[in-house]
Amino acid sequence: MKKIRLVDQTELEVYNLEENQGTLKIQMLDADLNEMQETFRDAENLAVIQYYVGTELMKAFAGYDRLASILAEENYLVSINYEETDPDTKSGFEEEHACLVTIKIEKPAAIELVADQTEQNTADIDYLMMKQDEEENVEG
């Protein structure tokens, strides 16, 4: 079984997981869309996402804190059992279908991180200048 664990220790079974250029794509079968939207809007709970196969931690993802999209694909073909025939399916064999829910979360762009840091640095400089002015007024 493949699963992810969020900061609050919530565990969610996953069908597939891919990381690509600042986007983490998590796919689940038959997940509740409203529940997933609520879960993946909580940036603090996404600070570290741990990915497990069975009980083994495979990887941890950090910084993916923006919900980009949630899509549902009804009647997704999950598997085909070639040992059992079924004339009512396209393949002619027994098929398993589910609703595939794809959640994409993103990291903030580098420029946004620099802008946030610049804003913090400006606030720090303003504070230091204010303190320096206070000290000069006390001395003078």
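Look up: the structure comes first, before these words.
Summarised in this report is the structure supplied together with it. Everything quoted here is computed from the prediction, not taken from an experiment. (Residues numbered from 1 in each chain as written. Predicted model: local features only at pLDDT ≥ 70, side-chain atom pairs only at ≥ 80, totals over all residues. Heavy atoms only, no water.)

### Quick look at unusual backbone geometry
Comment: phi is negative for the bulk of residues other than glycine, and the bulk of peptide bonds are trans. Phi is positive for Q21, which is not a glycine, with a value near 45°. Examined against the element boundaries, Q21 turns out to sit in the loop between β3 (16–20) and β4 (23–29). Since its relative accessible area comes to 78%, Q21 is described here as exposed. Even without being a glycine, N75 presents a positive backbone phi close to 60°. Judged by relative accessible area, N75 falls into the exposed class, the value being 57%. (Helix = DSSP H or I, 4+ residues; strand = E, 2+ residues; numbered from the N terminus. Buried < 20%, exposed > 50% of the residue type's maximum accessible area, 1.4 Å probe, protein only.)

### Describing the pattern of salt bridges
In this structure the tally under the stated criterion is four salt bridges. We note a salt bridge from K3 to E11, for which the minimum N-O separation is 3.1 Å. Classification of E11 as partly exposed rests on a relative accessible area of 38%. We note a salt bridge from K59 to E19, for which the minimum N-O separation is 2.8 Å. Taken together, the positions of K59 in strand β6 (residues 56–62) and E19 in strand β3 put the pair 40 residues apart, joining distant regions of the chain. Counted as one network, the salt bridges with shared partners bring together K3, R5 and E11. (Salt bridge = Lys/Arg side-chain N within 4 Å of Asp/Glu carboxyl O.)

### Regarding the packing of aromatic side chains
In the structure shown here, the tally under the stated rule is three aromatic pairs. Considering the side-chain rings of F61 and Y64, the 6.3 Å spacing of their centres and the 75° angle between planes classify their relative orientation as edge-to-face. Exposure class is identical for F61 and Y64. Each is buried. Each ring, one from Y82 and one from F93, has its centre 5.1 Å from the other, and the planes form 65°; the classification is edge-to-face. Note that Y82 is positioned in strand β7 (residues 66–85) and F93 in strand β8 (residues 93–106), a separation of 11 residues in sequence. The ring of Y52 is capped by K3, whose NZ or CZ atom sits 5.6 Å from the centre of that ring. (Phe/Tyr/Trp six-rings, centres within 6.5 Å; stacked < 30°, edge-to-face > 60°. Lys NZ or Arg CZ within 6 Å of the ring centre and 35° of its normal.)

### Here we look at the nonpolar core
Counting 20 residues, the largest nonpolar core has I4, L24, I26, M28, F40, I49 and I105 as the members making the most contacts within it. Counting residues per element, the ones that place at least two in this core are β4, α1 (33–40), β5 (48–53) and β8. Looking at this core, the element that brings in the most residues is β8, giving four residues. If near-sequence neighbours (up to four positions away) are discounted, F40 is found in contact with I4, L12, I26, M28, L46, L67, I103 and I105. (Core = buried A, V, L, I, M, F, W, Y, C linked by side-chain atoms within 4.5 Å. Contact = heavy atoms within 4.5 Å.)

### Quick look at the environment of K104
Its location among the elements puts K104 in strand β8. K104 gets classed as partly exposed once you look at its relative accessible area, which sits at 33%. Residue contacts for K104: discarding those within four places in its chain leaves T23, L24, K25, R66, L67, A68 and S69.

### Overview of the side chain of T89
Along the chain, T89 turns up in the loop between β7 and β8. The exposure class assigned to T89 is buried, which follows from its relative accessible area of 18%. A polar atom in the side chain of T89 sits 3.1 Å from the backbone nitrogen of G92. In terms of polar contacts, T89 uses its side chain to reach the backbone carbonyl oxygen of F93, at 2.7 Å. (Polar contact = N/O pair within 3.5 Å; in protein donor to acceptor, adjacent residues only side chain to side chain.)

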